[in-house]
Amino acid sequence: VRARVMQVEHSPDVTYADIGGLDEQMQEVRETVEMPLEHPEMFEDVGINPPSGVLLYGPPGTGKTMLAKAVANETDATFIKMAGSELVHKFIGEGAKLVRDLFEVARENQPAVIFIDEIDAIASKRTDSKTSGDAEVQRTMMQLLSEMDGFDERGEIRLIAATNRFDMLDPAILRPGRFDRLIEVPKPDSMGREIIFQIHTRRMNLAGEVDFTELAELAADASGADVKAICTEAGMFAIRDDRTEVTMADFLAAYEKLRQDADTDADDSL
Ligand code: ATP
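In the nomenclature of an unreviewed UniProt entry, the protein chain corresponds to Proteasome-activating nucleotidase from the organism Halorubrum vacuolatum. Word for word, the UniProt comment on the protein chain under Subunit (unreviewed entry) is "Homohexamer. The hexameric complex has a two-ring architecture resembling a top hat that caps the 20S proteasome core at one or both ends. Upon ATP-binding, the C-terminus of PAN interacts with the alpha-rings of the proteasome core by binding to the intersubunit pockets." Reading the Subcellular location (unreviewed entry) entry of the UniProt record for the protein chain gives the comment "Cytoplasm".

Below, the discussion takes up the side chain of Lys 69. Mapped onto the elements of the fold, Lys 69 is located in helix H4 (residues 64-74). Apart from residues lying up to four places away in sequence, Lys 69 is in contact with Gln 7, Glu 9, Pro 12, Val 14 and Phe 79.

Quick look at the pairing of strand S4 (residues 112-117) now. Counting buried positions along S4 gives six out of six residues, so the element sits mostly inside the fold. Side chains Ala 112, Ile 114 and Ile 116 of S4 all project onto a buried face; the interleaved residues Val 113, Phe 115 and Asp 117 project onto the opposite face, where all are buried too. Pairing between strand S3 (residues 78-83) and S4: six bridges, direction parallel. Each residue of the ladder has a partner; that of Met 82, found in S4, is Ile 116. With five bridges joining them, S4 and strand S5 (residues 157-163) adopt parallel strand pairing. Counterpart to Ala 112 in the pairing with S5 is Ile 157.

Under the present numbering, the feature "binding site: ATP" (unreviewed entry) in UniProt falls on Gly 61, Thr 62, Gly 63, Lys 64, Thr 65, Met 66 and His 200. Mapped onto the elements of the fold, Gly 63 is located in the loop between strand S2 (53-57) and H4. Residue position: His 200 is located in helix H8 (residues 190-200). Given the relative accessible area of 27%, His 200 is considered partly exposed.

Let us now look at the packing of H8 against helix H10 (residues 224-240). For the pair H8 and H10, the least separation of the axes is 9 Å and the interaxial angle reads 45°. Taken as axis vectors, H8 and H10 run oblique relative to one another. Along this stretch, H8 crosses H10, giving a crossing that reads as right-handed. On H10, the residues touching Arg 193, Ile 196, Phe 197 and His 200 of H8 are Gly 224, Val 227, Lys 228, Ile 230 and Cys 231. Among the residues making up the contact of H8 with H10, the classes are represented as five nonpolar, two polar and two charged.

Thresholds, definitions, all that
Residues numbered from 1 in each chain as written. Predicted model: local features only at pLDDT ≥ 70, side-chain atom pairs only at ≥ 80, totals over all residues. Heavy atoms only, no water. UniProt positions renumbered as here; feature names shortened; annotations may be inferred. Helix = DSSP H or I, 4+ residues; strand = E, 2+ residues; numbered from the N terminus. Contact = heavy atoms within 4.5 Å. Buried < 20%, exposed > 50% of the residue type's maximum accessible area, 1.4 Å probe, protein only. Pairing = 2+ DSSP bridges. Axes fitted to C-alpha atoms, helices over the stretch in contact; angles between N-to-C directions. Parallel < 35°, antiparallel > 145°, perpendicular 65-115°, else oblique. Left-handed = near helix turned anticlockwise from the far one by under 90°. Nonpolar A, V, L, I, M, F, W, Y, C, P; charged D, E, K, R; others polar.

This is how it looks when you write it as structure tokens:
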């Protein structure tokens, strides 16, 4: 079960330079995650406990996972990812056991960054905890809280959690000493989108007239993941046309295509 639901990567290959438009968030993540991993003595000297974890919240595809991977890369830490949704719908006791395993694997692979995506799946405000499924989710969350509370003895392990549903979170998980920083990771603004276009076209063979400022303004509601999809699709248009150079027209066609796809999915992105 471990292997199936837990993704373990030693020093993942994402760097801070791959992330666009999130300078403030990056700074905060570095302070809270990198500092304690690299300079634990500073916290000892000052006489405070290092922050135990950060919670990243914001819409899908904005770079939350990337931030967590980049910190692990920068600190040469093992990146251990688990999705909250993998922890539910399990047999009785299995969710709690997986949480224990998660921290156990981290202990065995220190320094480590634990990333729990979709934490709302196990830590949402429950309206009704009488059904057995909900009781099981509760147990999983209790296990997570207890692991988090025992952080001091844990050594070089940092926890980063992410959610798209901040409003749904159980206040217990937000109590002081659990997540010390709540960091909002919003969709990029126009400048951010422009930078993300530049990042995702670094290796592309571009025609001279491609104008990222214009594209960034056009794709007004795009997330980082949407921008990436536009770049890939633009490349596909060039390939279909048997060209190796990607033109502004390819990007415009890609944007149009993805916008239409989003419409038919009744999804309001782009
Ligand atoms: P989810 O909430 O859906 O898990 P997420 O916020 O964790 O999403 P990521 O998995 O980090 O999003 O992003 C998905 C992909 O979109 C990344 O692999 C990257 O290619 C691209 N991307 C997203 N945000 C950015 C960004 N700020 N800069 C560069 N690329 C980005």
